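Coordinate inspection notes
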Amino acid sequence: MTTTPARATLGASAFTTSTLGLGCMGMSDLYGPADEAESIATIHAALDAGVTLLDTGDFYGMGHNELLIHEALRGRKREDVEISVKFGAQRAPGGSWIGYDASPAATKTALAYTLRRLRTDYIDVYRPARLDPNVPIEETVGAIAELVEAGYVRHIGLSEVGAETLRRAAAVHPISDLQIEYSLISRGLESEVLPAARSLGIGVTAYGVLSRGLLSGHWSSNREVNAADFRGHSPRFQGENLTHNLNLVEALRAIAEAKGATVAQIAIAWVASRGSDIVPLVGARRRERLAEALGSLEVTLGPADLAAIEAAVPAGAAAGERYAAAQMAHLDSEH
Ligand SMILES: NC(=O)c1ccc[n+]([C@@H]2O[C@H](COP(=O)([O-])OP(=O)(O)OC[C@H]3O[C@@H](n4cnc5c(N)ncnc54)[C@H](OP(=O)(O)O)[C@@H]3O)[C@@H](O)[C@H]2O)c1
């Protein structure tokens, strides 16, 4: 039996969605080859289980991810799904990352293409993937606010920005949620960014809750990663860092087994336990993984469990940064 996720209401603009979201990125990009039919079956299984939040970016597979979601939503009612889209990341035809453009013109153009690919007339949450260092956040949010006014966008979100950017953005238009990495081993937001979001009435959609598979209990040091896989160059997946981090996973496994749960379920439930204003996104791209993630909804972590988890994986326990240095530089949330 599977528990249906409850509903969460995020931000002053009252974005209402499921308490667990499905991140679709790995179905098109960054984690090596994915099976299209299985990806669509996974989206169907998520929707059927009551997971209504689908997260994507126009640059995930350069449009592929949005076309895939369109395919998966054929025959479904648009209003039964919330689609969250990131834009702004620029990519060359070969897939290389060539900067960010969140200027008003680029913002509007990107949305026009996104609406066509998704064959829809509105996006539930639209957000720049990163702060564009050349464009004041007021201009980007102002442009999205015009799209809200015109009915093309329902809510404005942000991604990986810091406290000051949150304040400046929220002064222009209500912000529904900040999308940011949050897991047992990525807790940098807790000191400043999360309190700022809370004081401004901004929710959080947390990504990387399994640290991109590292905290899933299924990763091993023998797993091969191809050149297109993010994990091939992520500091936490390399050499001694990986050995150290997998030891943390084993400490977590002992706690999970004692609770009759899996490591992934404990890791997801821990993020969910951080507050009702935090919705974990899981990057499942196979039905089997999704089913495991849904099982996290049945895991209740009491004070003793939380203390044991904290002791096994204290804040700052991971070896290696969450991104390689060049990508860390794009994270306003880390400055
Ligand atoms: N705003 C941003 O900057 C940003 C950045 C990254 C991601 N995101 C969004 O957040 C979503 C989730 O991020 P993510 O994919 O990095 O996070 P994740 O959920 O931490 O990692 C997903 C990876 O974990 C593996 N995994 C193992 N067991 C799993 C289970 N039971 N359920 C789900 N996955 C399991 C998957 O396995 P397999 O290898 O077996 O498929 C996949 O490789 C993305 O899809 C994307 O929409 C946003």
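Residues numbered from 1 in each chain as written. Predicted model: local features only at pLDDT ≥ 70, side-chain atom pairs only at ≥ 80, totals over all residues. Heavy atoms only, no water.

**Here we look at the pattern of salt bridges**
Applied cut-off: By convention in these notes, a salt bridge is any Lys or Arg side-chain nitrogen within 4 Å of a carboxyl oxygen on Asp or Glu. Only DSSP runs of H or I covering at least 4 residues are called helices, and only runs of E covering at least 2 are called strands; the numbering of each starts at the N terminus. With a 1.4 Å probe rolled over the protein chains alone, any residue whose accessible area is under 20% of its type maximum counts as buried; one over 50% counts as exposed, and the rest are partly exposed.
This structure, assessed with the given rule, holds 22 salt bridges. A salt bridge links Glu-66 to Arg-117, with the nearest nitrogen and oxygen atoms 2.5 Å apart. With Glu-66 in helix 2 (residues 64-73) and Arg-117 in helix 3 (residues 104-118), this residue pair connects regions lying 51 residues apart in the sequence. For the salt bridge of Arg-168 with Glu-138, the shortest nitrogen-to-oxygen distance reads 2.8 Å. Separated by 30 residues along the polypeptide, Arg-168 in helix 5 (residues 163-170) and Glu-138 in helix 4 (residues 137-149) bring together distant segments of the chain. In this structure Arg-168 comes out as partly exposed when scored by relative accessible area, which is 34%. When salt bridges with common partners are traced through the structure, they connect Glu-160, Glu-181, Arg-322 and Glu-334 into a single cluster.

**Here's the deal with the nonpolar core**
Note on soluble globular proteins: their nonpolar side chains tend to be buried together. Keep this limit in mind: By nonpolar core we mean a set of buried residues, namely Ala, Val, Leu, Ile, Met, Phe, Trp, Tyr and Cys, connected to one another through side-chain atoms within 4.5 Å. Whether two residues are in contact is decided by their heavy atoms, any of which lying within 4.5 Å being enough.
Among the nonpolar cores identified, the biggest contains 87 residues, and Leu-22, Ile-43, Tyr-126, Leu-158 and Leu-166 are the most heavily contacted of them. Of the residues forming this core, the biggest block, 8 residues, is contributed by helix 8 (residues 263-272). Residues contacting Tyr-126, with those up to four places away along its chain left out, are Val-85, Phe-87, Thr-107, Ala-110, Leu-111, Ile-144, Val-153, His-155, Ile-156 and Gly-157. Counting residues in hydrophobic clusters, the runner-up holds 19 residues, among them Tyr-31, Leu-53, Val-125 and Phe-230.

**Looking at the site of the ligand**
Rules: If even one non-hydrogen atom of a residue comes within 4 Å of a molecule or strand, that residue is called near it. Identification of polar contacts relies on pairs of N or O atoms within 3.5 Å, with a donor-acceptor requirement for protein atoms, meaning one able to donate a hydrogen and the other able to accept it, and with residues adjacent in sequence counted only if both atoms are side-chain atoms.
In the vicinity of the ligand, 31 residues are found, and the nearest of them are Tyr-31, Asp-55, Arg-231, Arg-285 and Glu-292. Contact between the ligand and Tyr-31: an oxygen atom at 2.5 Å from a side-chain N or O atom of the residue. A distance of 2.8 Å separates an oxygen atom of the ligand from a polar atom in the side chain of Arg-130. Secondary-structure elements contributing two or more residues to the shell around the ligand are strand 12 (278-282) and helix 9 (287-294). Top contributing element to the shell around the ligand by residue count: helix 9, with 3 residues.

**Looking at the sheet that holds strand 3 (residues 21-23)**
Sheet strands line up and pair through hydrogen bonds in the backbone, either parallel or antiparallel. We count it as follows: Any two strands are treated as partners once DSSP identifies two or more bridges connecting them. Angles here are taken between N-to-C directions and fall from 0 to 180 degrees, while the axes themselves are lines fitted to C-alpha atoms, restricted in helices to the stretch in contact.
Ordered in space as 3-4-5-8-9-10-11-12, the 8 strands form a closed barrel in which the pairing is parallel. Sheet twist, expressed as the average angle between the axes of neighbouring strands with direction ignored, equals 30°. Where strand 11 (residues 203-207) and strand 12 come together, 3 bridges link them in parallel fashion. Its bridge partner being in strand 12, Val-204 is matched across the sheet by Ile-278. Sheet strands touched by helix 4: strand 5 (82-87), strand 8 (123-128) and strand 9 (153-159). Its angle to strand 9, the strand with the most contacts, is close to 160°.

**Observations regarding the packing of aromatic side chains**
For any pair of aromatic rings, geometry is given as the distance between the ring centres together with the angle between the planes. Convention followed: Aromatic pairing here means that ring centres of Phe, Tyr or Trp (its six-membered ring) are within 6.5 Å. Orientation follows from the plane angle: under 30 degrees is stacked, over 60 is edge-to-face, and everything else is tilted. Charge over a ring is defined by NZ of Lys or CZ of Arg lying within 6 Å of the ring centre and within 35 degrees of the ring normal.
Inspection of the entire model under this criterion finds 6 aromatic pairs. Ring geometry for Trp-219 and Phe-237: centres 5.0 Å apart, planes at 75°, overall edge-to-face. Placement of Trp-219 in the loop between strand 11 and helix 7 (239-258) and of Phe-237 in the loop between strand 11 and helix 7 is noted, with a sequence separation of 18 residues between them. Given the relative accessible area of 7%, Phe-237 is considered buried. If you follow Arg-91 out to its NZ or CZ, it ends over the ring of Trp-97, 3.8 Å from the centre.

**Here's the deal with empty space enclosed by the protein**
Operational definition: Space inside and on the surface of the protein is sampled on a 1 Å grid over the protein atoms alone, with a cavity defined as a set of points where a 1.4 Å probe fits but cannot get out and a pocket as an open set with protein on both sides within 12 Å along at least 5 of 7 lines; lining residues have an atom within 4 Å of a point. Grid points are joined across faces, edges and corners, and a volume is the space filled by probe spheres set on the points. Residue type decides the class: Asp, Glu, Lys and Arg count as charged, Ala, Val, Leu, Ile, Met, Phe, Trp, Tyr, Cys and Pro as nonpolar, and the leftover types, Gly among them, as polar.
Across all of its chains, the model carries 2 cavities of 30 Å³ or more by this definition. Approximately 50 Å³ is the volume attributed to the largest cavity. Lining the largest cavity are Ala-102, Pro-128, Arg-130, Leu-131, Asp-132, Val-135, Ile-137, Thr-140, Leu-158, Ser-159 and Val-161. Mapped by element, the contributors of at least two residues to the lining of the largest cavity are helix 4 and strand 9. By volume, the second largest cavity amounts to about 30 Å³. Taken together, Glu-181, Ser-211, Arg-212, Ser-234, Arg-236, Phe-237 and Arg-322 form the lining of the second largest cavity. A class-by-class count of the residues in the lining of the second largest cavity yields 1 nonpolar, 2 polar and 4 charged.

**Re the pairing of strand 4 (residues 53-57)**
Filter applied, for reference: Every crossover in which the path from the first strand over the helix to the second runs clockwise, viewed with the strands pointing away from the viewer, is termed right-handed.
Strand 4 sits mainly inside the fold: 5 of its 5 residues count as buried. Where burial is concerned, the two faces of strand 4 agree: the one with Leu-53, Asp-55 and Gly-57 and the one with Leu-54 and Thr-56 are both buried. Since strand 3 and strand 4 lie parallel, the crossover through helix 1 (residues 36-48) that links them has a hand, and here it is right-handed. Pairing analysis gives 5 bridges linking strand 4 to strand 5, with the strands arranged parallel.

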